[in-house]
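A closer look at the structure
Read off the chains here:
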Amino acid sequence: PSAKFHVASMTRDGEDKDRSRSRDKKDSRPRSRDSRDRGARSKAEDHGVDTMKITDDDAAFILGKGGKTKEKIARVSGAEIELFERDLVLEIRGPKIKRKRAKKYCEGVMAQRTGPVNVTEEYDDDDLTMLNVPQEAVGFVTGRAGNFLRSIEEEWCTLMFFCEVDGSRGRGREYEKLAIFGEIRGRRGAELKVLSAVETKVPGYLDRIRNEVLDRDRGKDETGTWGTDTMTFKDDELSYALGKQGGTRKKLERSSQAVVQYVGNVALFSGTKSERRRAKEYMRWLFDQLAGPVYVEGWEERDDCTVVEVPSECIGYITGARRATLGTMEEEWGTLMFFMNKQEDRRGANRTEKLAIFGSERARRGAELKVMSGVETKSPGYYTRGVREKVSDKKGFDTDRLVFRDDELSYALGKEGATRKKLETASGAILQYVGNVAFIGGVKKERSRCREFIQWLLAQRRGTVTISDVGHRDDCTEVHIPENCKGWVTGNRGSELRRMEMQSSTYMFMALDERGEERLLIFSADAGSKTGDKGRMGAERLVNELVQEKLGSGGRGRSDSRRRSPSRRGRSDSRRPARRSPSRRRGDSRRRKDSRSRSRR
């Protein structure tokens with residue numbers, strides 16, 4: 001039976017009053033302020049706050065292990081959810097439709113604690129797919145402790161559970177109803193993943209429900225062209241289309257932006273008309289390559305293609321053994337890549353070959369710059385000879401350029417490219433070094449942010465950086481560290497900051513404000529979440545943990561509990577005076593010297 005809950009709407013004026021009743025405690029954490037908290041943020045006209053009164057047992061179910069269930073509900077519904085455990089109140093913020101969905105999902109999760117969830121017609125707000133799962137496949141689809149369903153939810157940003165419809169559910173039935181909540185693309189991806197699993201346990205099941213599956217949600221997206229196409233494979237073709245550990249299928253899915261799934265020997269392509277067309281074209285080109293090189297006629301007019309001219313002497317380096325290097329780039333950027341030349345070009349002594357890259361604009365640019373960087377390593381100056389700096393005024397996607405000096409390049413690159421990757425992730429832009437030139441791809445805001453990060457990074461080589469005001473930024477959290485904790489938080493030569501940056505995918509450093517006071521700045525385009533490890537919130541929690549660790553030990557710190565990198569341990573050990581072992585006495589060394597001198601005589 002479904003539980004019933006009291007749901008009350010609140011205005012924004014009542015939000016602070018309710019918040020004051022939460023169990024927030026005054027603690028000794030460092031003072032911080034996030035740039036998101038300042039300035040007015042535009043809200044939808046129907047933005048509001050709803051509350052749900054829940055029980056203590058319900059609170060544990062809503063929160064989930066490590067807060068993951070609450071985060072999942074918020075992610076799927078698009079609403080903000082706050083659980084005040086002391087008052088047992090669930091607060092939901094957002095536009096009306098998102099609040100409605102969030103409350104519905106919370107009710108469904110809580111109802112599972114006492115039994116099966118009863119799903120009625122009222123449950124469907126254009127966010128529900130109901131799928132019949134044969135009884136013999138239910139355990140396989142669920143997985144041990146529900147792990148398979150949870151993995152599908154994570155992959156496709158959905159909420160899924162078995163339910164009863166109109167009070168009918170039981171072992172005597174031939175099928176179980178699986179409810180899938182989310183956006184149309186996520187629901188479709190999750191549904192086809194479940195069908196693929198069912199087909200392995202109940203071969204031929206897709207044929208029974210083919211029309212229902214193909215007609216579901218037809219034309220219900222924003223473009224009005226949503227649908228599903230199919231392609232049937234022979235047994236030997238299926239393994240090729242699937243690829244090692246499903247790599248080829250995933251590559252086609254990401255590059256075409258359609259949902260691509262294999263159910264038995266049938267490939268299903270779901271998406272808009274253009275997405276489905278691309279997916280089928282890419283699949284055809286894959287099979288055409290078995291017969292020989294492929295050339296895509298009219299690639300110049302396509303909006304999903306970029307072609308890079310690669311010198312013949314660099315082709316092997318870019319391709320890699322058994323296509324490993326090219327495959328890695330495809331996986332990293334979600335693209336489809338292959339060399340193509342016309343028949344007459346292949347007969348001549350052509351000094352370059354065309355590398356075709358298919359995918360979204362951002363993905364293509366990332367893969368293209370990666371290829372250019374590789375070619376530049378083998379053939380210096382091929383792409384960068386005569387290239388100058390460039391700053392684009394275009395608000396949409398474009399590429400800027402910065403030219404480094406040799407000493408700046410190694411510093412901006414970091415060990416094994418760690419610094420470049422850190423700046424790229426934190427800024428949200430594409431950052432790639434081609435020779436001594438930094439190429440920065442993205443929309444104007446991302447490019448500007450990345451250029452600033454690089455400038456601050458290089459300025460740190462000359463001393464402390466001054467950043468007077470970050471109040472206008474939406475990508476920064478300012479943390480004021482107690483004076484006696486600063487060295488503990490930064491670590492030896494910044495080792496602790498580097499560790500926290502890597503863990504949270506942020507860019508962090510100590511900087512002076514307009515008054516000359518030092519504070520820690522955490523930069524990232526990703527604000528993070530209250531329970532996740534990534535983004536500014538994740539980094540701030542890591543900083544708080546270090547500060548509490550220092551303060552909890554009376555300001556002395558605990559070297560045994562301090563997590564240190566191997567390089568830090570090596571440096572700290574090197575500062576200790578070397579102690580001789582008992583066997584290394586001065587007399588022993590004299591005896592060895594005497595014996596050596598006697599042997600020379």
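Residues numbered from 1 in each chain as written. Predicted model: local features only at pLDDT ≥ 70, side-chain atom pairs only at ≥ 80, totals over all residues. Heavy atoms only, no water.

This next bit is on the confidence of the model for the protein. Per-residue pLDDT for the protein averages 85, and the proportion of residues at 70 or more is 82%. A low-confidence stretch, residues 1-28 stays under pLDDT 50, and its non-local contacts, those more than four residues away or across chains, total 50 contacts. Every residue in residues 558-601 is under pLDDT 50, and counting partners more than four places away or in other chains gives 31 contacts. (pLDDT = per-residue confidence, 0-100. Contact = heavy atoms within 4.5 Å.)

Following both chains from N to C, one finds helix 9 (residues 235-242) and helix 10 (residues 247-256) inclined at 65°, their axes separated by 5 Å at the closest point. Between helix 9 and helix 10, the contacting residues are Tyr240, Ala241 and Leu242 on the first element and Gly247, Thr248 and Arg249 on the second. (Axes fitted to C-alpha atoms, helices over the stretch in contact; angles between N-to-C directions. Helix = DSSP H or I, 4+ residues; strand = E, 2+ residues; numbered from the N terminus.)

Right, let's get into helix 17 (residues 418-427). Where burial is concerned, most of helix 17 is hidden: seven out of the 10 residues are buried. If you check which residues of helix 17 are buried, you get Thr419, Arg420, Lys422, Leu423, Glu424, Ala426 and Ser427. Remark: glycine 428 follows helix 17 within two positions and exhibits a positive phi of approximately 80°. (Buried < 20%, exposed > 50% of the residue type's maximum accessible area, 1.4 Å probe, protein only.)

A word on the nonpolar core. Val119, Phe161 and Phe181 are the most contacted members of the largest nonpolar core, which has 29 residues in total. Among the elements that line this core, the one with the most residues is helix 4 (residues 96-111), at six residues. Counting residues in each nonpolar core, the second largest holds 27 residues, with Leu192, Tyr205, Leu206 and Val213 among its members. (Core = buried A, V, L, I, M, F, W, Y, C linked by side-chain atoms within 4.5 Å.)

This next bit is on the sheet that holds strand 11 (residues 259-263). By way of backbone hydrogen bonds, the strands of a sheet pair with one another, either parallel or antiparallel. Reading across the sheet, the three strands line up as 10-12-11 and stay open at both edges, with antiparallel pairing between neighbours. Among the strands making up the open sheet, the edge pair consists of strand 10 (227-232) and strand 11. Here the average twist between neighbouring strands, direction ignored, is 20°. In this structure, strand 10 lies alongside strand 12 (residues 266-271), joined through six bridges in antiparallel fashion. Within strand 12, the position partnered with aspartate 229 by the bridge is phenylalanine 269. (Pairing = 2+ DSSP bridges.)

With that settled, the discussion passes to unusual backbone geometry. Comment: phi is negative for the bulk of residues other than glycine, and the bulk of peptide bonds are trans. Even without being glycine, glutamine 245 reaches a positive phi, approximately 55°. Note on placement: glutamine 245 falls in the loop between helix 9 and helix 10. The exposed category is assigned to glutamine 245, whose relative accessible area is 72%. Despite not being glycine, serine 505 has its phi angle at roughly 60°, a positive value. Residue serine 505 is classed as partly exposed on the basis of its relative accessible area, which comes to 23%.

Examined against the element boundaries, glycine 146 turns out to sit in the loop between helix 5 (138-142) and helix 6 (147-156). Relative accessible area serves as the criterion here: at 7%, glycine 146 is assigned to the buried category.

As a further point, take the packing of aromatic side chains. Taken as a whole, this structure holds 20 aromatic pairs when the rule is applied. With centroids separated by 5.3 Å and ring planes inclined at 55°, the aromatic side chains of tyrosine 105 and phenylalanine 181 adopt a geometry described as tilted. With tyrosine 105 in helix 4 and phenylalanine 181 in strand 9 (residues 175-181), the pair connects residues that are 76 residues apart, well separated along the chain. Residue class for tyrosine 105 comes out buried when judged on its relative accessible area of 1%. With a relative accessible area of 1%, phenylalanine 181 lands in the buried category. Members of the aromatic cluster, each reached through a chain of ring pairs, are Phe453, Trp456, Tyr507, Phe509 and Phe523. Above the plane of the ring of phenylalanine 140 lies lysine 201, whose end atom (NZ or CZ) is 5.5 Å from the centre. (Phe/Tyr/Trp six-rings, centres within 6.5 Å; stacked < 30°, edge-to-face > 60°. Lys NZ or Arg CZ within 6 Å of the ring centre and 35° of its normal.)

Reading across the sheet, the three strands line up as 13-15-14 and stay open at both edges, with antiparallel pairing between neighbours. Each of the sheet's edge strands pairs with one partner strand only, and the pair in question is strand 13 (305-311) and strand 14 (336-340). Pairs of neighbouring strands in the sheet enclose a mean axial angle of 25°, with direction left out of account. Pairing between strand 13 and strand 15 (residues 352-358): seven bridges, direction antiparallel. If you follow valine 310 over to strand 15, its bridge partner there is glutamate 353. Lying over the sheet, helix 15 (residues 361-378) contacts strand 13, strand 14 and strand 15, oriented at roughly 5° with respect to strand 13.

It is worth spelling out the side chain of lysine 486 at this point. With respect to the element layout, lysine 486 can be found in helix 19 (residues 486-490). Beyond its immediate sequence surroundings of up to four residues, lysine 486 is in contact with Ile481, Met510 and Glu518.

To continue, consider the pattern of salt bridges. Summed over all chains, the structure comprises 55 salt bridges. We note a salt bridge from glutamate 452 to arginine 473, for which the minimum N-O separation is 2.8 Å. With glutamate 452 in helix 18 (residues 444-459) and arginine 473 in the loop between strand 19 (465-466) and strand 20 (476-480), the pair connects residues that are 21 residues apart, well separated along the chain. We classify glutamate 452 as partly exposed; its relative accessible area is 28%. It is possible to trace a salt-bridge network through shared partners that takes in Lys100, Arg101, Lys104, Asp125, Asp127 and Glu183. (Salt bridge = Lys/Arg side-chain N within 4 Å of Asp/Glu carboxyl O.)

As a further point, take the side chain of glutamate 153. Mapped onto the elements, glutamate 153 comes out in helix 6. Residue classification places glutamate 153 among the buried residues on the basis of a relative accessible area of 1%. Among the polar contacts made by the side chain of glutamate 153, one reaches the main-chain amide nitrogen of methionine 160 at a distance of 2.7 Å. Not counting residues within four places of it along the chain, the set of residues in contact with glutamate 153 comprises Lys72, Thr158, Leu159 and Met160. (Polar contact = N/O pair within 3.5 Å; in protein donor to acceptor, adjacent residues only side chain to side chain.)

Of all 10 residues that make up helix 10, seven are buried, and the element is covered over most of its length. Buried within helix 10 are the following residues: Thr248, Arg249, Lys251, Leu252, Glu253, Ser255 and Ser256. After helix 10 finishes, the residue glutamine 257 shows a positive phi value of roughly 70°.

On to the packing of helix 7 (residues 184-201) against helix 8 (residues 205-215), then. The relative placement of two packed helices comes down to the angle between their axes together with the axis-to-axis distance. The contact between helix 7 and helix 8 brings their axes to 11 Å, and the two run at 165°. What the angle tells us is that helix 7 and helix 8 run roughly antiparallel. Note on packing geometry: the crossing formed by helix 7 with helix 8 is left-handed. Contacts between helix 7 and helix 8 involve Arg188, Glu191, Leu192, Leu195, Val198 and Glu199 from the former and Tyr205, Leu206, Ile209, Val213 and Leu214 from the latter. The residue makeup of the contact of helix 7 with helix 8, split by class, is eight nonpolar, no polar and three charged. (Parallel < 35°, antiparallel > 145°, perpendicular 65-115°, else oblique. Left-handed = near helix turned anticlockwise from the far one by under 90°. Nonpolar A, V, L, I, M, F, W, Y, C, P; charged D, E, K, R; others polar.)

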